[in-house]
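A closer look at the structure
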Amino acid sequence: MAKLAGSPDRCGVAILGSTGTIGRNTLDVIRHHPDRYRVVALTAFSQVEMLVAQCVEFKPEIAVVVDQESAESVERHLKSAGSETRVLLGADHLEEIAALSEVDTVMAGIVGAAGLLPTLAAVRSGKRVLVANKEPLVMMGELITEEARANNAILLPIDSEHNAIFQCLPEHFKVGQDIAQVGVRKILLTGSGGPFRGLPLEEFSTVTPEQACQHPNWVMGPKISVDSATMMNKGLEIIEACWLFSTPHTTIEVVVHPQSVIHSMVEYSDGSIIAQLGASDMRIPIAYGLAWPERLDSGVSRLDLGAIAHLDFEPPDPGRFPCLRLARESIESGGTLPTILNAANEIVVDAYLNKRIRFDQIPRIIEEILGIVAYSDDVTLEKVLEADERARASTLERIEQKYSA
């Protein structure tokens, strides 16, 4: 790819998944700081009109879409708007733009396993990589953290919980370092419990995708919303935290905190617990990731503790949230088993959103797949991609043969 023109005095940012929740919030933070950041590249899957509007406003040099029809539509609309943004077709270009010399920071916001290869490309290119998608670290966290160290890349977590943990650690801490080295005894990973925290278990079989996507505190995409309802999101976050903070899953405790005001906590060896509090707004961790080790205005209103009045905590019910157990078992066994867990979850959540299975069947199918798909102790890119493909095929086949109406 030819070298791009651009201003060297501002941080060049590439946003993978610019039309999703993370992408839109990243652009909003950048909108407030045009003197510090310039958008080099944007990528999107299918939301053509939004991508066009983003390109017209932020004037990236490149926009990437993955299908021919979308590419032609984006190109046509940008031409009529007088935009000079180049439109590239195909997922292969995601890795290219993540490695561009003009890009200083990559926001990895593509949901699912599709974000793995471009995230890895950004890490291998020594970028500041803002990891907003759980899946790359779930699938091959050991390799990604090793590559970050080898290539002097800066990994910064953007998930609100992991970002909160990072903010509670000493300033000199580096992602991938063992938290025991800085005196940490336990990570307290908070989660709201989702929309069905108090719903009777016998009603789980009848909840609709529309209900599952109505998160009480956060505005998120459908897949992540369902993961929150099953608490698989916390399970994936346990695995992610193991690699980000180089710690076994046994030092990570999940705490249900319905208000989502405390985004996570860190307990030190002297008994002190440090918590990060803030509004339920992804612009806070995004702004921290963009500016770290500095802080800048995220555009979020200040937290009014008086209006909150109280904060509640409770342990997660293992009978209500079996996905937490499945995630812990996967990371404890290791190898490519977390990849299989993630792949099976992506397929069953998609099947649920398309009303092919019931909500209560999500963890059941995942557990069945974990028991039948062979996994490898050897975690290489090739082995991970093979395991991902096998798990997806097996899950689709299982749904078709046993669960589809």
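Quick caveat: nothing in here was measured; it's all calculated off a predicted structure.

Here is what the cut-offs are and how they apply
- Residues numbered from 1 in each chain as written.
- Predicted model: local features only at pLDDT ≥ 70, side-chain atom pairs only at ≥ 80, totals over all residues.
- Heavy atoms only, no water.
- Helix = DSSP H or I, 4+ residues; strand = E, 2+ residues; numbered from the N terminus.
- Buried < 20%, exposed > 50% of the residue type's maximum accessible area, 1.4 Å probe, protein only.
- Contact = heavy atoms within 4.5 Å.
- Axes fitted to C-alpha atoms, helices over the stretch in contact; angles between N-to-C directions.
- Parallel < 35°, antiparallel > 145°, perpendicular 65-115°, else oblique.
- Left-handed = near helix turned anticlockwise from the far one by under 90°.
- Nonpolar A, V, L, I, M, F, W, Y, C, P; charged D, E, K, R; others polar.
- Polar contact = N/O pair within 3.5 Å; in protein donor to acceptor, adjacent residues only side chain to side chain.
- Pairing = 2+ DSSP bridges.
- Right-handed = clockwise from strand over helix to strand, strands pointing away.
- Core = buried A, V, L, I, M, F, W, Y, C linked by side-chain atoms within 4.5 Å.

Let's shift gears to the overall build of the protein. Along the protein, the regular secondary structure elements total 16 helices and 11 strands. Overall size of the protein, expressed as C-alpha extent along the three principal axes, is 55 × 55 × 45 Å. Going through the 405 residues of the protein one by one, you find that 57% of them count as buried. Considering only intrachain contacts with a sequence separation of at least 6, the fraction spanning at least 24 residues in the protein is 71%.

A few words now on the packing of helix α5 (residues 116–124) against helix α6 (residues 135–150). In the contact formed by α5 and α6, the axes pass within 10 Å of each other and the chain directions differ by 15°. Judged by the inter-axis angle, α5 sits roughly parallel to α6. Here α5 and α6 pass one another in a crossing that is right-handed. Between α5 and α6, the residues in contact are Leu 116, Thr 119, Leu 120, Val 123 and Arg 124 and Pro 136, Met 139, Met 140, Leu 143, Ile 144, Glu 147 and Ala 148, respectively. When the residues that make up the contact of α5 with α6 are grouped by side-chain class, the tally is nine nonpolar, one polar and two charged.

For Arg 392, the position within the fold is in helix α16 (residues 381–403). A relative accessible area of 19% places Arg 392 in the buried class. Taking C-alpha positions, Arg 392 is 32 Å from His 263, a pair spaced 129 residues apart along the chain. Not counting residues within four places of it along the chain, the set of residues in contact with Arg 392 comprises Ala 113, Ala 343, Glu 346 and Ile 347. At a separation of 2.9 Å, a polar atom in the side chain of Arg 392 contacts the side chain of Asp 388.

A few words now on the pairing of strand β1 (residues 11–16). Counting buried positions along β1 yields six of six residues, so the element is predominantly enclosed. Side chains of β1 alternate between two faces, with Cys 11, Val 13 and Ile 15 and Gly 12, Ala 14 and Leu 16 buried alike. Of the pairings in the sheet, the one linking β1 to strand β2 (residues 37–43) comprises six bridges and is parallel in character. Along β2, the bridge assignment pairs Gly 12 with Arg 38. Crossover handedness for the path β1 to helix α1 (residues 21–31) to β2: right-handed. By the bridge criterion, four bridges tie β1 to strand β5 (residues 105–108) in an arrangement that is parallel.

Moving on, we get to the environment of Pro 136. The topology assignment puts Pro 136 in helix α6. Of the residues examined, Pro 136 reaches a relative accessible area of 0% and is grouped as buried. Taking the C-alpha atoms as reference, Pro 136 lies 8.1 Å from Gly 112; in sequence the two are 24 residues apart. Leaving out residues up to four positions away in the same chain, Pro 136 has contacts with Gly 115, Leu 116, Thr 119, Gly 141 and Ile 144.

Moving on, we get to the nonpolar core. Within the largest apolar cluster, 128 residues are counted, with the highest numbers of intra-cluster contacts made by Leu 169, Phe 245, Leu 341, Ile 357 and Ile 366. The dominant element in this core, judged by the number of residues it contributes, is helix α14 (residues 337–353), at 10 residues. Discounting chain neighbours no more than four positions away, the residues touching Ile 366 are Met 232, Leu 326, Leu 341, Ala 344, Asn 345 and Val 348.

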